[in-house]
Amino acid sequence: KRIAIFISGTGSNMEALLDACEEDGYPALPVLVLANKASAGGIEKAKARGIATSIVDHKTFGKDREAFERAIQAELEKHNVEFIALAGFMRVLTPWFIEKWEGKMINIHPSLLPSFPGLHTHQRAIDAKCRLAGCSVHFVTAGVDEGPIIGQAAVPIFPDDTAETLASRILITEHKLYPACLEAVLLGEDQTSYVQMNDDPDAP
Ligand code: GRF
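The rules we used
Residues numbered from 1 in each chain as written. Predicted model: local features only at pLDDT ≥ 70, side-chain atom pairs only at ≥ 80, totals over all residues. Heavy atoms only, no water. Near = heavy atom within 4 Å. Polar contact = N/O pair within 3.5 Å; in protein donor to acceptor, adjacent residues only side chain to side chain. Areas by Shrake-Rupley, 256 points an atom, 1.4 Å probe, with all protein chains shown as cover. Helix = DSSP H or I, 4+ residues; strand = E, 2+ residues; numbered from the N terminus. Nonpolar A, V, L, I, M, F, W, Y, C, P; charged D, E, K, R; others polar. UniProt positions renumbered as here; feature names shortened; annotations may be inferred. Contact = heavy atoms within 4.5 Å.

Student: Give a detailed account of the site of the ligand, specifying residues and quantitative values.
Tutor: Near the ligand you find Thr 10, Gly 11, Ser 12, Asn 13, Gly 88, Ile 108, Pro 110, Leu 171 and Glu 174, and these make up its full shell. The contact in question runs from an oxygen atom of the ligand to an N or O atom on the side chain of Thr 10, over 2.9 Å. In the model, a nitrogen atom of the ligand is placed 3.4 Å from a nitrogen or oxygen of the Ile 108 main chain. Protein contacts shield 81% of the accessible area of the ligand, which totals 370 Å² for the unbound molecule. Only helix H1 (12-21) and helix H6 (163-186) provide two or more residues apiece to the shell around the ligand. A class-by-class count of the residues in the shell around the ligand yields three nonpolar, five polar and one charged.

Below, the structure written as C-alpha cells:
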C-alpha cells in the first residue's frame, strides 16, 4: 500500500514506520512525508532517506481549514497515496477530510485511550496517580482521539517519574506499537487479532 506519513515535529514515529517499511514483506511503501510546517525536524530525516516530502503550511490558509485540507489532498493525489499514518501531526482534521479517508487513516496517541484524549497526557496520568500509562493506535474519526482502537501498549509509571521521563519511556514503546498496528491493518486482519503489548520498558 502506498502510504503517506503526516508529521509536525521530530518525526521519531515516522522514522520507526520508515524502518519497518524497509523490512522484506512489510505491506507499506512510503511515498510521501507531509508536514504542516517547514521547521518539522522529520522533514530532513525523510529527505535523507530519499522519501518525497511536502510542506503544506496551515498558516498560509488562515482560518480556512478546508482550503488547507484541499491542498493536502492535492499532494496525496499527486503521489497516489492509498493510506495515511498520522505521526505527531498536531492539526485537527475536519469531517470533510476525514470522510474521504475514514478506514484508511490511523493515528498514534500517547495514552491508553479512552483515558486522557488531547494534550499533556503524561502529566495527567501522573497527576491521576495511575500505575499504567501507554500508547494507542486508532482509526481517525471526526472526534479527536476517539476512533476504533487498533492496538495498545501499557507502560508502567514509576514513583519518581516526571512527564518527561514517562514520555521518553512510552516513546520507545510507540516505536514498536505503531509499525505492528500499521501492518495488522494493511494485512486486513480482523479487529480481534489487533495488537496488544505489555512492554517491559527495560527490555532491549
Ligand atoms: C508522540 O508522543 C506521539 O504519540 C504524539 O506526538 C509525540 C511526538 O511524536 N502524537 P514524534 O517523535 O514526532 O513521532
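Still more ground to cover, so stick around.
Student: So what's going on with the UniProt feature "site: Raises pKa of active site His" (unreviewed entry) in the chain? Residues and values would help.
Tutor: UniProt marks Asp 145 with the feature "site: Raises pKa of active site His" (unreviewed entry), using the numbering shown here. When you line up the elements, Asp 145 lands in the loop between strand E6 (132-139) and strand E7 (149-156). What Asp 145 contacts, discounting residues up to four positions off in sequence, is Asn 107, His 109, Leu 113, Pro 117, Gly 118 and His 138. Reaching out from Asp 145, the side chain makes a polar contact with the side chain of His 109 at a distance of 3.4 Å.

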